[in-house]
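# Notes for the structure review
Now for the letters of each chain:
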Amino acid sequence: RIDEVAREGANSPIQGASSLMTLLSCYRVEKKYHALVLNEHDEILVDVPGDGLQEAAGIKDIMLQVASEQDWLTVPMEADAKVGPNWGEMEEVQW
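Keep in mind that what you see is a predicted model, and the values were worked out from it rather than measured.

Definitions and cut-offs
Residues numbered from 1 in each chain as written. Predicted model: local features only at pLDDT ≥ 70, side-chain atom pairs only at ≥ 80, totals over all residues. Heavy atoms only, no water. Helix = DSSP H or I, 4+ residues; strand = E, 2+ residues; numbered from the N terminus. Buried < 20%, exposed > 50% of the residue type's maximum accessible area, 1.4 Å probe, protein only. Contact = heavy atoms within 4.5 Å. Pairing = 2+ DSSP bridges. Patch = residues over 30% accessible without salt bridge, like charges linked within 9 Å, V, L, I, M, F, W, Y side chains within 5 Å. Areas by Shrake-Rupley, 256 points an atom, 1.4 Å probe, with all protein chains shown as cover. Salt bridge = Lys/Arg side-chain N within 4 Å of Asp/Glu carboxyl O.

### Here we look at the side chain of Thr22
Relative to the elements of secondary structure, Thr22 occurs in helix H1 (residues 2-33). According to the relative accessible area criterion, Thr22 is buried, its value standing at 5%. Beyond its immediate chain neighbours, meaning those up to four positions away, Thr22 contacts Asn39, His41, Asp42, Glu43 and Ile44.

### Notes on unusual backbone geometry
Its identity as a non-glycine residue notwithstanding, His34 has a phi of 50°, on the positive side. The residue His34 is located in the loop between H1 and strand S1 (36-40) in this model. The exposure class assigned to His34 is exposed, which follows from its relative accessible area of 65%.

### Quick word on the pairing of S1
Relative to strand S2 (residues 43-47), S1 runs antiparallel, the two sharing five bridges. Each residue of the ladder has a partner; that of Leu36, found in S2, is Asp47. Between S1 and S2, which pair antiparallel one after the other, the connecting turn spans two residues, and His41 there sits at a positive phi close to 55°.

### Observations regarding a nonpolar patch on the surface
Taken together, the side chains of Leu64, Val75 and Met77 present a nonpolar region at the surface, about 240 Å² in accessible area. By the element assignment, Met77 lies in the loop between helix H2 (53-68) and strand S3 (82-83). What makes Met77 partly exposed here is its relative accessible area of 38%.

In structure tokens, the structure reads:
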């Protein structure tokens, strides 16, 4: 039980920070694209017209910008983007 509590104590700040970065990214994406923004854990789903490729690049940049602004963050952050007509048909975008 002590190991579990120690793990939770160490993990809590990491999950909290990730959540805050995701929410800040959602705010900035909604403000820029005026699109419906949903988040699921550390993912952001944005409903945009067309194929969404241009928006996907911009959203990825926003997420990486938010991460780079965290001066306490000592590990590199990554972000990937997927586009598709629905959640089940998403395909990763390669730049």
